Amino acid sequence: MAYSSSHGTVNNGPHVDSDDDDKFERDLKEILSEGSNSNNHSNSTGHSELGSGLSRVGGISNAATGQAYRPNTLPPGTHSATMKSSVIAPATSNIPLSSPDHTRTPPARSGTLQPVPASPQSKIDSLKTWSFNTYKFTRQMLSERLGRGSKTVDADIEAQIELLRDTQLKYANILRLAQALSSHFRQMTQTQQLLSDAFNDLSQKNPELREEFLYNSETQRVLYKNGETLLGALNFFTSTMNTLCTKTMDDTLITIKQYEAARVEYDAYRTDVEALQSLPKDSSAAHKLEDAQHRFQIHKEKFDRLRSDITVKMKFLDENRVKVMHKQLLLFHNAVASYFSGNQCALEDTLKQFNIKLKTPNSDKLSWLESLN
């Protein structure tokens, strides 16, 4: 039996006509030449030309099996993706040999560490622990305020803490008043400067009162100059007081707050241990008591460590406070007394004694004569 095709007749036997071989070679060369000419076309054009070239040799390539080549027909059970991957482009074409699947996620590199998300169970456990501890500590604080619970008290440390807080309030009040004095005094010196300029201007326009205006202008100028010197001392005093109140003392007070929180935690676990010790002895109670004693020991060590830290900090703070205030009070007294007594030399010596340098306007700018040098 023989099957006819558009390119010739092929018998069932193993022999193939030589004319058919020549046609196959010519068609194959034509396909290769068409593939080399398709370098400047898009990939879709190359695929269409490849399909048309293969359709011309379909009869010969499938004649042996008795099936005609159909470009748009797939064997039964074959997926389209398999057909796409099985198409082989000519050697001279720009069509890639393998069509990568861009929708597929690339595999992770072996050297990179992927973040491990926290499990919901661990978050729930953390929330339970936090809620339980918050309830425990709040209950301890309320019981202390209502007079029902016992409180660990160190009389010596509590007295020092109370004294420190009272001292900070009083120093903050002195700082506020000194800042107000400095602000008012700055306005007064600025007024004195304007008054001196006004007197000097009138001395030029009123020859009959020239000497009187000049006397008053010079007096206001001297007062303004001495006021600027006193203002430098006041600014140094307020700056040092601000550092002492808002930084040095606040650092110790932060440690005090941590100490008080640790004390509440310590008393809360101590109350739990005392309550469990009063219960009847059994295996469950013994296990709870052992766990409570372990937690109590941890918080006891934390409480003792903070108590030691706060003792050392308050000792150094007190020494530093006395030293700083001794210097600042001496500066304040000498500067104010020298200014209002009219002793300009003593006022300048006071600033030199405490290494205070006045920053005058345009002090950083050089004159045109200095810039020439």
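Check the entry above for the structure.
### A word on the overall build of the protein chain
In step 1: When you go through the protein chain residue by residue, the secondary structure sums to ten helices and two strands.
In step 2: Of all 373 residues assigned to the protein chain, the portion counted as buried reaches 26%.
In step 3: If you take every contact in the protein chain between residues at least 6 apart in sequence, the share linking residues at least 24 apart comes to 74%.

### Some details on the side chain of Thr229
In step 1: On the secondary structure map, Thr229 appears in helix α7 (residues 210-277).
In step 2: Residue Thr229 is classed as buried on the basis of its relative accessible area, which comes to 8%.

### Re the pattern of salt bridges
In step 1: Applying the stated criterion across every chain, the model contains 15 salt bridges.
In step 2: Residues Arg139 and Asp272 are paired through a salt bridge, measuring 3.4 Å at the closest nitrogen-oxygen approach. In this pair, Arg139 sits in helix α5 (residues 120-145) while Asp272 sits in helix α7, placing the two residues 133 residues apart along the sequence.
In step 3: Looking at Arg139, the relative accessible area reads 37%, which means it is partly exposed.

### Focus on the side chain of Asp272
In step 1: Using a relative accessible area of 17% as the deciding quantity, one classes Asp272 as buried.
In step 2: Beyond its immediate chain neighbours, meaning those up to four positions away, Asp272 contacts Lys136 and Arg139.

### Things to note about α5
In step 1: Along its 26 residues, α5 runs 38 Å from first to last C-alpha, staying within 8% of the 38 Å computed at 1.5 Å per residue.
In step 2: Inspection of α5 places Asn133, Lys136, Phe137, Gln140, Ser143 and Glu144 among the buried residues, and these make up the whole buried set.
In step 3: Packed against the buried residues of α5 are α7.
In step 4: At the exit of α5 stands Gly147, carrying a positive phi of roughly 80°.

### Thoughts on the environment of Ser278
In step 1: Among the structural elements, Ser278 can be located in the loop between α7 and α8 (283-340).
In step 2: The exposed category is assigned to Ser278, whose relative accessible area is 57%.

### As for the packing of aromatic side chains
In step 1: Throughout the structure, instances matching the rule amount to eight aromatic pairs.
In step 2: Seen in terms of ring centroids, Tyr266 and Phe303 are 5.1 Å apart; in terms of plane orientation they differ by 10°. Their pairing is stacked. Taken together, the residues span a long stretch of sequence, with Tyr266 in helix α7 and Phe303 in helix α8 at a distance of 37 residues. Judged on exposure class, the residue Tyr266 and its partner Phe303 are both buried.
In step 3: Considering the side-chain rings of Tyr339 and Phe340, the 4.9 Å spacing of their centres and the 85° angle between planes classify their relative orientation as edge-to-face.
In step 4: Members of the aromatic cluster, connected to one another through ring pairs, are Tyr259, Tyr266, Phe296 and Phe303.

### Looking at the packing of helix α6 (residues 155-205) against α8
In step 1: The N-to-C vectors of α6 and α8 enclose an angle of 25°; their axes lie 12 Å apart at closest approach. In terms of axis orientation, α6 runs roughly parallel to α8. Judged by the twist between their axes, the crossing of α6 over α8 is left-handed. Contact residues: Ile157, Gln160, Ile161, Leu164, Thr167, Tyr171, Leu181, Phe185, Met188 and Gln192 in α6; Arg307, Ile310, Thr311, Met314, Leu317, Arg321, Met325, Phe332 and Tyr339 in α8.
In step 2: In the contact of α6 with α8, the residues fall into 13 nonpolar, four polar and two charged.

Procedures and definitions
Residues numbered from 1 in each chain as written. Predicted model: local features only at pLDDT ≥ 70, side-chain atom pairs only at ≥ 80, totals over all residues. Heavy atoms only, no water. Helix = DSSP H or I, 4+ residues; strand = E, 2+ residues; numbered from the N terminus. Buried < 20%, exposed > 50% of the residue type's maximum accessible area, 1.4 Å probe, protein only. Contact = heavy atoms within 4.5 Å. Salt bridge = Lys/Arg side-chain N within 4 Å of Asp/Glu carboxyl O. Expected span 1.5 Å × (residues − 1). Phe/Tyr/Trp six-rings, centres within 6.5 Å; stacked < 30°, edge-to-face > 60°. Axes fitted to C-alpha atoms, helices over the stretch in contact; angles between N-to-C directions. Parallel < 35°, antiparallel > 145°, perpendicular 65-115°, else oblique. Left-handed = near helix turned anticlockwise from the far one by under 90°. Nonpolar A, V, L, I, M, F, W, Y, C, P; charged D, E, K, R; others polar.

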